[in-house]
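# Structural features, examined
Residues per chain, in single letters:
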Amino acid sequence: MSVISASDAVKIYESGDKTLRALDGVSVSVDSGEFAAVVGPSGSGKSTLLNLLGLLDDPSEGSVTVDGTSLSTLSKRERTDLRRETVGFIFQSFYLVPTLTARENVAVPGLVRDDRETLLDRADELLTRVGLGDRLDHYPNELSGGQKQRVAIARSMINGPDILLADEPTGNLDQDTGAQVLDVFDAFTEEGVAILTVTHDEQVTAFAERTIRLVDGEIRNDR
Ligand code: ADP
Ligand code: MG
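These notes cover the structure that comes with them. (Residues numbered from 1 in each chain as written. Chains lettered and ligands numbered in written order. Predicted model: local features only at pLDDT ≥ 70, side-chain atom pairs only at ≥ 80, totals over all residues. Heavy atoms only, no water.)

## Some thoughts on the overall build of the chain
Counting secondary structure elements, the chain contains seven helices and ten strands. A globule of 223 residues ought to have a C-alpha radius of gyration of about 17 Å, and the chain, at 17 Å, matches this closely. Its C-alpha atoms give the chain principal-axis dimensions of about 50 × 40 × 40 Å. Relative to its 223 residues, the chain shows a buried fraction of 48%. Contacts in the chain between residues at least 24 apart in sequence constitute 73% of all its contacts with a sequence separation of at least 6. (Helix = DSSP H or I, 4+ residues; strand = E, 2+ residues; numbered from the N terminus. Rg over C-alpha atoms; globule rule 2.2 N^0.38 Å. Buried < 20%, exposed > 50% of the residue type's maximum accessible area, 1.4 Å probe, protein only. Contact = heavy atoms within 4.5 Å.)

## Concerning the sheet that holds strand E9 (residues 210–215)
In space, the six strands of this open sheet follow the order E6-E7-E8-E3-E9-E10, with mixed pairing throughout. Edge positions in the open sheet fall to strand E6 (87–91) and strand E10 (218–222), since each of these has one partner strand only. Sheet twist, expressed as the mean angle between neighbouring strand axes with direction ignored, is 20°. The pairing of strand E7 (residues 163–167) with strand E8 (residues 194–198) spans five bridges and is classified as parallel. Pairing of Leu165 across the sheet is with Leu196, part of E8. (Pairing = 2+ DSSP bridges. Axes fitted to C-alpha atoms, helices over the stretch in contact; angles between N-to-C directions.)

## What to know about unusual backbone geometry
Of note in this structure, Leu55 is not a glycine but carries a positive phi near 60°. For Leu55, the position within the fold is in the loop between helix H1 (46–53) and strand E4 (61–66). The exposure class assigned to Leu55 is buried, which follows from its relative accessible area of 1%. For Glu168, which is not glycine, the phi torsion reads 50° and is therefore positive. Along the polypeptide, Glu168 turns up in the loop between E7 and helix H6 (175–190).

## Topic: the sheet that holds strand E5 (residues 69–70)
In space, the four strands of this open sheet follow the order E2-E1-E4-E5, with antiparallel pairing throughout. Each having just a single partner strand, strand E2 (18–31) and E5 make up the two edges of the open sheet. Relative to E5, E4 runs antiparallel, the two being bridged by two bridges. In the sheet register, Thr65 faces E5, and the bridge partner there is Ser70.

## Re the pattern of salt bridges
Throughout the structure, instances matching the rule amount to 13 salt bridges. Here Asp81 makes a salt bridge to Arg77, at a shortest N to O gap of 3.5 Å. On the criterion of helical spacing, the pair formed by Asp81 and Arg77 is a turn pair, its members being four residues apart in helix H2 (residues 76–86). Across the pair Asp81 and Arg84 runs a salt bridge whose closest N-O atoms are separated by 3.0 Å. Residue Asp81 and its partner Arg84 are located together in helix H2, separated by three residues, close to a single helical turn. Residue class for Arg84 comes out partly exposed when judged on its relative accessible area of 23%. Here the salt bridges share partners, and the residues they tie into one network are Glu85, Arg113, Asp114 and Arg122. (Salt bridge = Lys/Arg side-chain N within 4 Å of Asp/Glu carboxyl O.)

These values are about where atoms sit, not about what they do.
Structure follows, in structure tokens:
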């Protein structure tokens, strides 16, 4: 079942008198439980594609559809709600808040919706699932890189998303901690969460069941 799809998506950036077609007619559909890697040279449009599928940005042409609903039919408010319910994000630099503990960091994206007690309980559950049940009250500077990334992954799951979008999630990690992150991803895909990750890491592409190769804003290969 398709969770998110883009159809003939074009993204044009205008800066000054220059226009750039960062995506040039991309069609891609991500199914639940799928683990897919997005690869391609720098500047080929990988992050742009992730932003479109993450509902952070609009295509200039073409459409993005979430669970059967075309984004163009939604108000800004509806789209924000849909993004919060549907998509989790993970970045290369983990973006944890240094003054918050692991469990508070994980709880933050849920605060607009749920009460603090419920959220902290769920944060504890998620942190336990990613192997950090003994680090709940640690601050980011008391955690290793791999642990910080697992906190960020737990945070991306706090609102029960259907899809996780990750931009170079293992880019700052050594091989062993990268493998721990892949184990965590694997457990979430088993539950039907789709994961789409931009990566240069061969360990990740070897693990992915699907690789989408972008070149000059076009899909060159998808298998
Ligand atoms: P990748 O992630 O594959 O390195 P990006 O999607 O970040 O590529 O960028 C694709 C192209 O679009 C690049 O040429 C980049 O310079 C350009 N680009 C990305 N974001 C913007 C922006 N906000 N304004 C103008 N150009 C942009
Ligand atoms: Mg990028």
